Amino acid sequence: MSMAEYKGKVKNVQDTPFGYTLSVIGGKWKMVIIYLLAENQPVRFNDLKRQIGAITYKTLSSQLKELEADGMVIRKEYPQVPPKVEYSLTDKAETLLPVLEGLCEWGTKNQNRGE
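Reading the values: the criteria
Residues numbered from 1 in each chain as written. Predicted model: local features only at pLDDT ≥ 70, side-chain atom pairs only at ≥ 80, totals over all residues. Heavy atoms only, no water. Core = buried A, V, L, I, M, F, W, Y, C linked by side-chain atoms within 4.5 Å. Buried < 20%, exposed > 50% of the residue type's maximum accessible area, 1.4 Å probe, protein only. Helix = DSSP H or I, 4+ residues; strand = E, 2+ residues; numbered from the N terminus. Contact = heavy atoms within 4.5 Å. Patch = residues over 30% accessible without salt bridge, like charges linked within 9 Å, V, L, I, M, F, W, Y side chains within 5 Å. Areas by Shrake-Rupley, 256 points an atom, 1.4 Å probe, with all protein chains shown as cover. Salt bridge = Lys/Arg side-chain N within 4 Å of Asp/Glu carboxyl O. Pairing = 2+ DSSP bridges.

Going by an unreviewed UniProt entry, the protein chain carries the name HxlR family transcriptional regulator and comes from Paenibacillus riograndensis.

Caption draft 1: A look at the nonpolar core. Residues I33, L48 and M72 are the most contacted members of the largest nonpolar core, which totals 23 residues. Considering each element in turn, this core owes the most residues, four residues, to helix α2 (residues 30-39). Aside from chain neighbours lying at most four places away, what touches I33 is L48, I52, L60, Q63, L64 and L67.

Caption draft 2: Up close: a nonpolar patch on the surface. Where nonpolar side chains cluster on the molecular surface, the patch consists of V13, F18 and L22 and spans about 260 Å² of accessible area. One can find V13 in the segment before α1 (17-25).

Caption draft 3: Local environment of α1. Taken residue by residue, α1 has G19, V24 and I25 as its buried positions. Here the buried face of α1 lies against α2 and α4 (57-69). With its phi angle positive at about 100 degrees, G27 sits one or two positions after the end of α1.

Caption draft 4: Structural detail: the pairing of strand β3 (residues 84-89). Along β3, five of the six residues are buried, which leaves the element largely enclosed by surrounding structure. Relative to β3, strand β1 (residues 43-44) runs antiparallel, the two sharing two bridges. By the bridge assignment for β3, V43 is matched with Y87. In terms of strand pairing, strand β2 (residues 73-78) meets β3 through six bridges, oriented antiparallel. The residue bridging I74 from the neighbouring strand is S88, located in β3. Where β2 hands over to β3, the hairpin turn is made up of five residues, counted between the paired strands.

Caption draft 5: Up close: the pattern of salt bridges. Evaluation of the coordinates by the stated rule reveals four salt bridges. Where D47 meets R50, a salt bridge forms, and the shortest distance between an N and an O atom there is 2.6 Å. Separated by three residues within a single helix, D47 and R50 lie in helix α3 (residues 45-52), roughly one turn from each other. A relative accessible area of 30% places D47 in the partly exposed class. Since its relative accessible area comes to 60%, R50 is described here as exposed. Residues K84 and E86 are paired through a salt bridge, measuring 3.7 Å at the closest nitrogen-oxygen approach. Taking relative accessible area as the criterion, K84 reaches 21% and is therefore assigned partly exposed.

Structure representation (structure tokens):
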């Protein structure tokens, strides 16, 4: 369904496909995490933290858990000392990458327009 099919009918945005999408990728960090995992997966937790920079360990951990619960991220734990955990994207998350590409293209076209 497209946005046009919901015009004038939306009582609550959470009840739409758009609302579902926002619940999965919304917030400050989830799209950043997906983007970084798409660039070079699998990625270890500390490497992801280092690449993002401004995120706290607690926030990164909770965002990864939410993405895992939504079927977007795979967490692979290796039984060794010290513990090793790697994160990668699921097939479901891979289907979102063309949308992220579209956002990047929009940014390229509009970043320096100053309007």
